[in-house]
Amino acid sequence: MIPTEFDYAAPESLDDALWLLGEGGEETRLLAGGHSLIPLMKLRVVVPTKLVDLRKVPGLDGMQREDGSWRIGAMTVHSELEHHPDLGLLSRAASTIADPQVRHCGTIGGSLAHGDPASDLPAVLLAAGGSVSAQGSGGPRTIEAADLFKDYMTTSVAPDEVITAVHVPALDGYGYGYQKFNRRAEDWAMVAVCALVYARDGVCEDVRVGLTHMASTPLRATAVEEALRGQPLYAGSIAEAAERAADATNPPGDLNATPAYKRHLARVLCQRALTEAAGLS
Amino acid sequence: MSATVPVRITVNGASHQLDVEPRRLLVHALREELGLTGTHVGCDTSSCGACTIHLDGVAVKSCTVLAVQCDGREVTTIEGLGSTDDLHPMQEAFWEHHGLQCGYCTPGMIMAGVDLLNRTSQPSESEIRHAIEGNLCRCTGYHNIVKAIQAASGQQTEATSQARDEVQA
Amino acid sequence: MTATEAAPNGAALHVGRSLKRKEDPRLITGRARYVDDMTVPGLLHAAIVRSPEAHAMIVSIDSSAALAREDVELVLTGQDMTDLESPLPCAWVPPGTEIANAPHWALARGQVNHVGDPVAIVVGTDRYAVVDAAEEVLVEYESLPVIVDPRAALADGATLVHEDLGSNRVFEFSLGGGDVEAGLAEADVVVQREIVNHRTSGAPIEPRGVIADFRAGSLTIHSSTQVPHFVRLFLALQLGISEERIRAVAPEVGGGFGAKLQFYGEEVLLAYASRRLQRPIKWIETRSEHMQVAHHGRDQIATCRMGARQDGTITAFHVQITADLGAYLMLLTPVIPVLGAFVMGGCYAIPNVRTDITGVFTNKMSTDAIRGAGRPEATHMVEVMIDQLASELGMSPPAIRRKNFIPKESFPAEVATGVVYDSGDYHGSLDKLMGKLDVEAFKREQAELRGRGIYRGIGLSTYTEICGLAPSRIVGPSGLGLQTGLWESAMVRVHISGAVTVYSGASPHGQGLDTSFAQIVADRLGVDPEVVEVIHGDTGTGPQGLGTYGSRSLSVGGEAIARATAKVAEKAKAIVAHELEAAAQDIEVSGDRFSVRGSPDHGMSLAEVAGAAYIPENLPEGMEPGLEETTFYDPENFVFPFGAHAAIVDVDGETGKVAVARYIAVDDCGPAVNPMIIDGQIHGGITHAIGQALYERVHYDDDGQLVTGTFVDYSLPSAAEVPMFETDRTETPSPSNSLGVKGVGEAGTIGASAAVTNAVIDALRPLGVTFMNMPLTPMRVWEAIEEARGGVPA
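Fair warning: this is a prediction, and the values are worked out from it, not measured in the lab. (Residues numbered from 1 in each chain as written. Chains lettered and ligands numbered in written order. Predicted model: local features only at pLDDT ≥ 70, side-chain atom pairs only at ≥ 80, totals over all residues. Heavy atoms only, no water.)

### A short note on the domain arrangement of chain C
Residues and elements named next belong to chain C.
Thought 1: Segmentation of chain C into domains returns domain 1 (3–32 + 487–633), domain 2 (35–144 + 207–253 + 260–293) and domain 3 (296–469 + 637–789).
Thought 2: Taken over C-alpha atoms, the centre of domain 2 sits 36 Å from the centre of domain 3.
Thought 3: Listed per partner, the contact involves 32 residues of domain 2 and 28 residues of domain 3.
Thought 4: For the pairing of domain 2 and domain 3, the buried interface totals around 2,500 Å² over both sides, and the portion due to carbon and sulfur atoms is 68%.
Thought 5: Together, Trp92, His104 and Met291 form the three largest contributors to the area buried by domain 2 at its contact with domain 3, with a combined 27%.
Thought 6: On inspection of domain 2 and its partner domain 3, the count reaches zero salt bridges.
Thought 7: Linking domain 2 with domain 3 are ten residue pairs in polar contact (both at pLDDT 80 or more). (Domains from an automatic or database assignment. Contact = heavy atoms within 4.5 Å. Buried area = accessible area lost by both parts, 1.4 Å probe. Salt bridge = Lys/Arg side-chain N within 4 Å of Asp/Glu carboxyl O. Polar contact = N/O pair within 3.5 Å; in protein donor to acceptor, adjacent residues only side chain to side chain.)

Pasting the structure below:
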């Protein structure tokens, strides 16, 4: 299986990339690590006329901590996240993406722009309350994670915009848990749940829960968060809150998981992720 | 055909100038332009890992990389890892521990194994299994592949094969 | 007889040793040559246009846009190939059955019957361009109703795959002995279950591929196949080319697992197009094509009834199989369930056993031989049923097996299905297995894990299988109906230097037979295996042959080599006796020499013998020069490997996910030629069956669309899904061949799916689940748990 024909450019500045993107029309696509895009092109599900490769564009790499938040260049690959000592939940989630070879190529910016609800990073960004910086013909703007994911593989990044950086609050002092369920280690998540918990004196002062593959977009499990916030953290309160993990979800079913099974998994995994995040496991 | 693009690429230490269609997959450029057929294709979906090579020193699936993305970069294939006269320790270990049967997944599996040891010198069994979770083998059940990678990392493993000179002794 | 005794004069230096494989240096360095690694001057490329419809009439095909491309040389449709001599072959039909068959052409003619059915072939100058061009071939279809459920396909008024046959029923066939109804009537307990062996794919990591090169009236075809000699024969028949004008080569082949035991339409198409264009053409299957059109396996639904007396003595076993054969009958399609029926009695002395088989057409890809071919299905039925029965009787799984095993003293043992099991020691292998299971530790761990919501279970499977295909007088045209013999041939050639080349009609593709064969020859000629080269898979250089499948290549192909080598050794002994003025019967192989018994220094090396044979100045009177011999060997009987397997699994009681924690296998394939290779075959076989039990499934939706069309959805287990395997052996020689060997390529797959399934059921018993069918996917396990709890999973 091979892609259809397309033209290719590897601009050396962001301005050039934006110009190429704007000039190329709707079927021009950005190429970052290519590990979401190229498989779809090989299957001829996506048929771009032109690819604009961001590989040579400066300023899209690197990870710095700024004002309690991590700025992560959009071209940062998953393996860099995985092996970073201070990224906590993000690092853990990145370590479960596909396999080592894919993690050497796939990028955080590409993954978020792709907006696949079965991918690991979107729900993490959502739960952490992060954002992305995007640059387009209209200049730079910040898109909050809550506004980023619009529908199945659809984001609010405009066709002529480039994600340049990802901002993830450091959330110092938060415990985290990540529970990904798949049949085989290299598979996409059937369901995954990430949890961030800030506790003081055994009481849950803050909690954020993200759900992967429980709808056409990643979701926050707000019902769980509301049920647990302000409550003492123990097995019973976590179990009670986790019961609400599938509220307001609309999980897509497939051969190996009906919506009912996925709702069940969300509750089980939520309990486990919260338990882990609360340090009770 | 879309306009071809010049690509300068270093493969197994040798520099090459290629003119390729933008859609040319790296694996096909290696196999068909450069005649390096040790890198195989086993699927359409980046699942099987038979095409694993090293790009700038790390393992990637060359069926999911465009040749044009490799301009100015360095590739190592199984042919560059070692030859029959000068085997890489990982190749030696796969032979010694019967880590292959039909051999089709083997180049990719060896390249993934080397990549793991570049990151982790003494991996646990679980680390080895997860490091090759993107490399499918239908023949071996992975048992002897795991042993081979353990052995290549210098860790003690039970003997698998017997040397012929031992037989003669 | 043991391997040691079988070697001449007790000198087994190499047989029995875990020698490193001769094949490996080229494979580990990327220097091997699989089909896609080869090229030919002037090579063209092909892509195939396939049906997206499961069942439809072809209204029109417009190739004009594709043909107008500069890079396209030829487009062929079914209507362009009406001069083919015959449809694709079905070579084995159960004896005495009325078979309904429909012609299966290399390209569809007028109608497509499954997704992927080939409609046109596009040949052009560039590998990428022909893929584009294939998309430009416009095919208009008129959809027909689709039938995918094999039992619904048998109902009155069902949609018919082949309208003119009037039914989807292909055949009915029964095999067995005794009287199952009487046997069930005398049972105290009868257990009935519906056992499903779902559809799977062979999925070798190398997909198929063909290069056809027709030049000056002769055809050379390279194909990734297990059966090059069949490919030669059938191409001759299809294309009307005289057989000697065809050379079929299986070069390095990246696994087969039965999927390459076939004569495929692509082989015909490439050869046909190459003859038309007088140009070489290559076609390489994509994985997506492989999932659609490399034949599938299994897909049997069986109603099983097993009866026993209160003491556990099994009185009868009756199985009614509905076998989903897909849309066409391919090489061995109808006979696959029959192969399983031979061993439907398992390792047990069951007096009444019968298998009734109904073969059914559906709008799916054909089923045919996939690793084990009928025997994994049958073993799964027997071994799951015996555990169900044990549970009903309140007996332990080992106890009910021991109660019913055919005792060691009874061999050779004719069983109810009519075959004669050659040798066996079922108590021996189960005893050895049980010795490795620390039952106390198991119980302790089981209790500990329960506290964490993990349900640990243990499952046994004791199997025997029938392989070493096959005695021609039993399976041939007047026997079981196979339209060929199943002998094997070998030629052993000693060069003047004393080096040896062995030509085998087997066609190994990962089994390590170059090494095992070399070990056998080396012992018999007093040389190092290093100087024994094994050549196979090439009809141009090799002797006649029948290929590698059905765990036949050591017990049939290896025996042929041993016999050819024995002939060479006889001649060598005569030469040595003549040179040394000794009696031929006093010459033996000792170490690296042919020497006079009792005087090891008084002898000749093989090189010296070869020198005398090829420079014939002093040969015995009347002896021809040269030192090479050919043998054809047709086995007297099948061989019956056996073993005892145990799986220990952990089930997450909340999610239903199953993990194999431990797997222990004690197998018996007779005396080991190379124990390392045997272990490797077992490891792979077990993993294949774990794949079937827990991960893999070929699934079509109600419209006949293939849901599991890539390696993303068709889930081969990776290293992260399986444990290290604990293997051991017993060695019970087969009396069927001089090596005493039995096959081992399929044994692991045959034994393992029942062990895993029984273990999962054992794990789930505390949750009220007493029976489940494969695939034991997390959701299906969870649903079973919910159902047992009385909940209704929505």
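### Digging into the interface of chain C and chain A
Interface size is commonly expressed as the accessible surface area that is lost when the partners come together.
Thought 1: Every contact between the two is made by 31 residues of chain C and, on the other side, 22 residues of chain A.
Thought 2: In this assembly, chain C packs against chain A so that about 2,400 Å² is buried in total across both faces, 57% of it on carbon and sulfur atoms.
Thought 3: Note that A:Arg44 is salt-bridged to C:Asp132, the shortest N-O span being 2.6 Å.
Thought 4: Summed over the shared surface of chain C and chain A, the number is 14 residue pairs in polar contact (both at pLDDT 80 or more).
Thought 5: Sorting the residues of the side of chain C that touches chain A by element identifies α4 (127–135), α19 (675–695) and α21 (778–789) of chain C as the ones contributing at least two each.
Thought 6: The residue inventory of the side of chain C that touches chain A, partitioned by class, reads 15 nonpolar, seven polar and nine charged. (Helix = DSSP H or I, 4+ residues; strand = E, 2+ residues; numbered from the N terminus. Nonpolar A, V, L, I, M, F, W, Y, C, P; charged D, E, K, R; others polar.)

### Topic: the interface of chain C and chain B
Thought 1: Contacts between the two partners involve 64 residues from chain C, matched on the other side by 61 residues from chain B.
Thought 2: Taken together, the two surfaces of chain C and chain B that pack against each other cover about 5,300 Å², and 56% of this comes from carbon and sulfur.
Thought 3: For the pair chain C and chain B, the interface holds seven salt bridges.
Thought 4: The interface formed by chain C and chain B holds 30 residue pairs in polar contact (both at pLDDT 80 or more) in total.
Thought 5: The element best represented in the side of chain C that touches chain B is α19(C), accounting for eight residues.

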